[in-house]
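Residue strings, one per chain:
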Amino acid sequence: MSQQKLKLKRILFFDSGVGGLSICQAVKKINPDVEPVYLFDNECFPYGEKSESFLISRVRAILDAAVKKFELSGIIVACNTASTVALPDLRDHIKLPIIGVVPAIKPAAALSKKKIIALLATPGTINRKYTQELIRNYASDCKVILIGSAKLARIAENRLTCGNVDETEVAGVLSEITELPDSERPDVIVLGCTHYPFVADVIHKILPDCQLVDSGIAIGKRVDSLFAGETMLPVEVDKIEHKAFYLGELQNYDDRFKMFEHFGFTSLSRFSLDDAI
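Residues numbered from 1 in each chain as written. Predicted model: local features only at pLDDT ≥ 70, side-chain atom pairs only at ≥ 80, totals over all residues. Heavy atoms only, no water.

What follows concerns the overall build of the chain. Scanning the chain from N- to C-terminus turns up twelve helices and eleven strands. The C-alpha atoms of the chain give 18 Å as radius of gyration, which agrees with the globular expectation for 277 residues (19 Å, within 12%). C-alpha extents for the chain along the principal axes are approximately 55 × 40 × 40 Å. Counting only residues that meet the buried cut, the chain has 54% of its 277 residues in that class. Sequence-distant contacts, at least 24 apart, represent 74% of the contacts inside the chain between residues at least 6 apart. Of the roughly 12,500 Å² of accessible surface on the chain, 48% is carried by carbon and sulfur atoms. (Helix = DSSP H or I, 4+ residues; strand = E, 2+ residues; numbered from the N terminus. Rg over C-alpha atoms; globule rule 2.2 N^0.38 Å. Buried < 20%, exposed > 50% of the residue type's maximum accessible area, 1.4 Å probe, protein only. Contact = heavy atoms within 4.5 Å. Areas by Shrake-Rupley, 256 points an atom, 1.4 Å probe, with all protein chains shown as cover.)

Here the focus is the sheet that holds strand β7 (residues 188-191). Strands sit in the order β6-β5-β7-β8 across an open sheet of four strands; the sheet is parallel. The strands lining the two open edges of the sheet, one partner per strand, are β6 (143-148) and β8 (211-213). The average undirected angle you get between the axes of adjacent strands in this sheet is 25°. Judged from the four bridges that link them, strand β5 (residues 116-121) and β7 form a sheet pairing that is parallel. When the bridges of β7 are listed, Ile-117 appears paired with Val-188. (Pairing = 2+ DSSP bridges. Axes fitted to C-alpha atoms, helices over the stretch in contact; angles between N-to-C directions.)

Another aspect to go through is helix α6 (residues 129-138). An α-helix turns once per 3.6 residues; consequently, residues spaced three or four apart project the same way. Of all the residues in α6, the buried ones are Thr-131, Leu-134 and Ile-135. Along the axis of α6, the buried positions cluster into a sector of 95°, meaning they face one direction only. More than 90 degrees from the buried face of α6, the exposed residues found are Lys-129, Arg-136 and Asn-137. Summarising the contacts, the buried residues of α6 are in contact with α3 (80-93), α4 (105-111), β5, α5 (123-127) and β6. (Arc of directions from axis to C-beta.)

Of the two faces of strand β3 (residues 74-77), both are covered, the one formed by Gly-74 and Ile-76 as well as the one formed by Ile-75 and Val-77. Sheet topology note: the β3/strand β4 (residues 98-100) ladder contains three bridges and is parallel. Bridge pairing in β4 places Ile-75 opposite Ile-98. Between β3 and its parallel partner β4, the chain crosses via α3, and the hand of that crossover is right-handed. (Right-handed = clockwise from strand over helix to strand, strands pointing away.)

Quick look at the packing of aromatic side chains now. If you walk through the whole model with that rule in mind, you get twelve aromatic pairs. Seen in terms of ring centroids, Phe-198 and Phe-263 are 5.8 Å apart; in terms of plane orientation they differ by 80°. Their pairing is edge-to-face. With Phe-198 in the loop between β7 and α10 (200-206) and Phe-263 in the loop between α12 (253-262) and β11 (267-270), this residue pair connects regions lying 65 residues apart in the sequence. You'll find Phe-198 and Phe-263 in the same group, each marked buried. These aromatic residues form a ring-pair network of at least three members: Tyr-38, Phe-40, Tyr-246, Phe-260 and Phe-265. (Phe/Tyr/Trp six-rings, centres within 6.5 Å; stacked < 30°, edge-to-face > 60°.)

Throughout the structure, instances matching the rule amount to zero disulfides. In this model Cys-210 remains outside any disulfide bridge; the closest cysteine sulfur is found in Cys-142, 13 Å from its own. (Disulfide = S-S within 2.5 Å.)

This part covers the side chain of His-195. Tracing the backbone through its elements, the reader meets His-195 in the loop between β7 and α10. The buried category is assigned to His-195, whose relative accessible area is 2%. Separated by 3.2 Å, the side chain of His-195 and the backbone nitrogen of Gly-19 make a polar contact. Those residues in contact with His-195, other than ones at most four positions away along the chain, are Asp-15, Gly-17, Val-18, Gly-19, Phe-45, Ala-153, Ala-156 and Glu-157. (Polar contact = N/O pair within 3.5 Å; in protein donor to acceptor, adjacent residues only side chain to side chain.)

Have a look at this one:
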């Protein structure tokens, strides 16, 4: 396999934090020829409590700088909050293929036997017009329980960095479900933030009868179809680079770098919006 020539796809994975690594991991399973450039906005993490106008301006400025700095084949906005608010503006402004990550409402509604589903996401994603349209278009026959939490992204971020997770905190976030009678509980939960797959085992432990759905596999398949037949730079799989970048100041750098190494990244560097100007 190491000598097989593949067509290189250099794709930027962008998130407010490290949750987008769940998307990167899923994409790489289906597309081993992807060269990931991971960029996260540590300076403004988390995005879930930021205003729409701030996010549109912020994300556009960051991705503009990234396009200038890196020779990219495409961009994945690996953040539900940013995707639900900024995608139209980004697609109008940046002339590269841009894939957004949005809550997996459609497959969840199709999977649910009880026709009761829950969307677990940041407050920003819960309140977006885009999310309400997804529910109206694809889950009109379901009762949809909306749970907005910024805390769970921080819990997942901390777990990835330090390896620790407080199950009682996760249980507190899920109390809106666990306090319901069994007949009113959902049988499918949408993990509407890219951080949440990293605490999926804890969520499943608390709600063992619920099926968890996220967007990772769908994004991997979308990348595969989007670049099918494209002529890219030939490269050997074992020579594909994995580089990560962050904005702002990064505490616990050594722990963060070890975490990125676990996902195959060989460097973690500071990124400035001035770098590409």
